[in-house]
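Tertiary structure, described
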Amino acid sequence: MKGKLITLEGGEGAGKSTVLDALRTQLAQHGIDAVVTREPGGTPVGEAIRSLLLDPARAGLCAETELLLMFASRAQLVRELVEPALAAGRWVLSDRFTDASFAYQGGGRGQPLARIAELERWAAAGVRPDLTLLLDLPVDEGLARVRGRGPADRIEMENAHFFENVRDAYRARAVADPARFRVIDSSRPLAYVLAQVHDVVAAFLDANGAARAQGARP
Ligand code: T5A
């Protein structure tokens, strides 16, 4: 079976990390040992870039530098991990990918979408997810979840207007590409969110012949 790239997206505190664990388990039940990664980060170089990007002491980082650093991390991740894994038939689960740059650097920072699309073609080698789960919830609810857990990172320190623009940009991308996106209401209780994610991924597995290939269904 050909490898697939599944990404999780959403605003702050949407529950991506929580869902990722359940998703990995679901895939494992179908005999799929997924490679799990995150952005920014996922490689030694990418994790070093992540530290710089999220450091609250780097308040002076300009929007252009932020965008280029996101793609520097992504360029490394694509070549070092994503492309080799997919080529070997492995599935890859990523906590955020290029849609986050369209949402945060495009919607949030106002960087031109055409420029981000060009970076996607060049720096990210045109790699696109096969399935994207967008965990959507009101901005104030997501921020309340993350602000209860300690000091904010550089991006979490942004104001509500910034995160409203991020949310709008994510939702616009989902509307523009309904074949790839599934939007899940992550303001609902965790059990509901996990059940929704399970159903979406079960349908995706069926559509890709995974269940039959692994002998998990009659
Ligand atoms: N970024 C990233 C860009 O600007 N551009 C880019 O191109 C990329 C790739 C990454 C930052 O970088 C930005 C976006 C981010 O600001 P990060 O630390 O990885 O930084 O931040 P997030 O990805 O936002 O991760 P978070 O941990 O903040 O959010 P998650 O993973 O979505 O949420 P999670 O699972 O940790 O849950 C948060 C809390 O909510 C609870 C959980 O138990 C947890 O306590 N929770 C729920 N509570 C009630 N009901 C539910 N349904 C719940 N689901 C989870």
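Above this text is the structure in question.
Our subject in this report is the structure included herewith.

1. Quick look at the site of the ligand
Taken together, 28 residues lie around the ligand, and K16, S17, T18, S101 and R149 are the ones closest in. The side chain of R50 places a nitrogen or oxygen atom 3.0 Å from an oxygen atom of the ligand. A distance of 2.9 Å separates an oxygen atom of the ligand from a polar atom in the side chain of R74. With the chains in place, 82% of the 1,000 Å² that the ligand exposes on its own is no longer accessible. For the shell around the ligand, the elements supplying multiple residues, two or more each, are α1 (16–29), α2 (44–54), α3 (63–87), α4 (98–108), α6 (139–147) and α8 (190–207).

2. Some points on the pairing of strand β3 (residues 92–95)
Side chains V92 and S94 project from β3 onto one buried face, and the interleaved L93 and D95 project onto a second face that is buried too. Direction of pairing for strand β1 (residues 5–10) relative to β3: parallel, over a ladder of four bridges. Within β3, the position partnered with L8 by the bridge is D95. When strand β2 (residues 35–38) meets β3, the two strands line up parallel, connected through four bridges. If you follow T37 over to β3, its bridge partner there is S94.

3. Regarding the side chain of Q105
For Q105, the position within the fold is in helix α4. Separated by 2.7 Å, the side chains of Q105 and E66 make a polar contact. Those residues in contact with Q105 that sit more than four places away from it in its chain are E66, L67, M70, A100, G110, Q111 and I116.

4. Observations regarding a negative patch on the surface
Residues D140, E141, E164, D168 and D185 make up a contiguous surface patch of negative charge. Taken together, the elements giving at least two residues each to the negative patch come down to α6 and α7 (160–176). By secondary structure assignment, the location of D185 is in strand β5 (residues 181–185).

5. Observations concerning the packing of α3 against helix α5 (residues 113–122)
With their axes 10 Å apart at the nearest point, α3 and α5 run at an angle of 25° to one another. In terms of axis orientation, α3 runs roughly parallel to α5. Once α3 is placed against α5, the crossing between them reads as right-handed. In this structure, α3 uses L67, L68, F71 and R79 to contact α5, whose residues at the interface are I116, L119, E120 and W122.

6. Quick notes on the packing of α1 against α8
Two numbers describe how α1 lies on α8: the axes approach to 10 Å, and their chain directions differ by 40°. Here α1 lies oblique to α8, going by the angle between them. Relative to α8, the crossing made by α1 is right-handed. Contacts between α1 and α8 involve T18, V19, A22, L23, Q26 and L27 from the first element and L190, V193, L194, V197, H198, V201, A202 and L205 from the second. For the contact of α1 with α8, the class distribution of residues is eleven nonpolar, three polar and no charged.

7. Regarding the packing of aromatic side chains
In this description, a pair of aromatic rings is defined by centroid distance and the angle of the planes. The final tally for this structure, using the stated rule, is four aromatic pairs. With a centroid separation of 5.8 Å and 80° between ring planes, the pair formed by W91 and F204 is classed as edge-to-face. Remark: F204 occurs in helix α8 and W91 occurs in the loop between α3 and β3; sequence separation between them is 113 residues. With centroids separated by 6.3 Å and ring planes inclined at 85°, the aromatic side chains of Y104 and Y170 adopt a geometry described as edge-to-face. Taken together, the residues Y104 in helix α4 and Y170 in helix α7 connect sequence positions 66 residues apart. Taking relative accessible area as the criterion, Y104 reaches 6% and is therefore assigned buried. Members of the aromatic cluster, each reached through a chain of ring pairs, are Y104, F162, F163 and Y170.

8. Examining the sheet that holds β1
Reading across from one edge, β2-β3-β1-β4-β5 is the order of the five strands in this open sheet, with parallel pairing throughout. A strand with exactly one partner marks an edge of an open sheet, and here the two such strands are β2 and β5. Here the average twist between neighbouring strands, direction ignored, is 20°. The sheet contact formed by β1 and strand β4 (residues 131–136) spans five bridges and is parallel.

Conventions used here
- Residue positions are given per chain, counting from 1 as you read along its sequence in written order.
- Totals for whole chains, interfaces and linings use all residues, but because this is a predicted model, local features are given only for residues with pLDDT of at least 70 and pairs of side-chain atoms are given and counted only at 80 or more.
- Hydrogens and water molecules were not included; the side-chain quantities draw on all heavy atoms of the structure.
- Here a residue is near a molecule or strand as soon as one of its heavy atoms is found within 4 Å of it.
- Side-chain atoms alone can form a polar contact between residues adjacent in sequence; in general such a contact is a pair of N or O atoms within 3.5 Å, and within protein one must be able to donate a hydrogen while the other accepts it.
- Every accessible area reported is derived by Shrake-Rupley at a probe size of 1.4 Å, with residue values counting cover from the shown protein chains alone.
- Strands are runs of DSSP state E lasting at least two residues, helices are runs of H or I lasting at least four, and both sets are numbered from the N terminus onward.
- To sort residues, take the accessible area from a 1.4 Å probe on protein chains only and compare it with the maximum for the residue type: under 20% means buried, over 50% means exposed, and anything in between is partly exposed.
- Should DSSP find at least two bridges between two strands, the strands are taken to pair.
- Pairs of residues are marked as contacts when any of their non-hydrogen atoms sit within 4.5 Å.
- Residues forming no salt bridge and having over 30% relative accessible area are the ones grouped into patches, like charges within 9 Å of each other and nonpolar side chains (Val, Leu, Ile, Met, Phe, Trp, Tyr) within 5 Å.
- We define a salt bridge as a side-chain nitrogen of Lys or Arg found within 4 Å of a carboxyl oxygen belonging to Asp or Glu.
- Positive charges come from Lys and Arg alone, negative charges from Asp and Glu alone, with His and the N- and C-terminal ends not counted.
- To locate a charge, take NZ of a lysine, CZ of an arginine, CG of an aspartate or CD of a glutamate.
- Axis angles are defined between N-to-C directions and span 0 to 180 degrees, where every axis is a line fitted to C-alpha atoms and, for a helix, only to the segment in contact.
- Here the angle decides the label: under 35 degrees means roughly parallel, over 145 means roughly antiparallel, 65 to 115 means roughly perpendicular, and every other value means oblique.
- Crossings are assigned a handedness: left-handed for a near helix turned anticlockwise from the far helix by less than a right angle, right-handed for a clockwise turn.
- Under the convention adopted here, Pro, Cys and the residues Ala, Val, Leu, Ile, Met, Phe, Trp and Tyr are nonpolar, Asp, Glu, Lys and Arg are charged, and Gly plus all remaining residues are polar.
- Aromatic pairs are defined between Phe, Tyr and Trp rings, using the six-membered ring for Trp, whenever the two ring centres lie within 6.5 Å; interplanar angles under 30 degrees are classed as stacked, those over 60 as edge-to-face, and all others as tilted.

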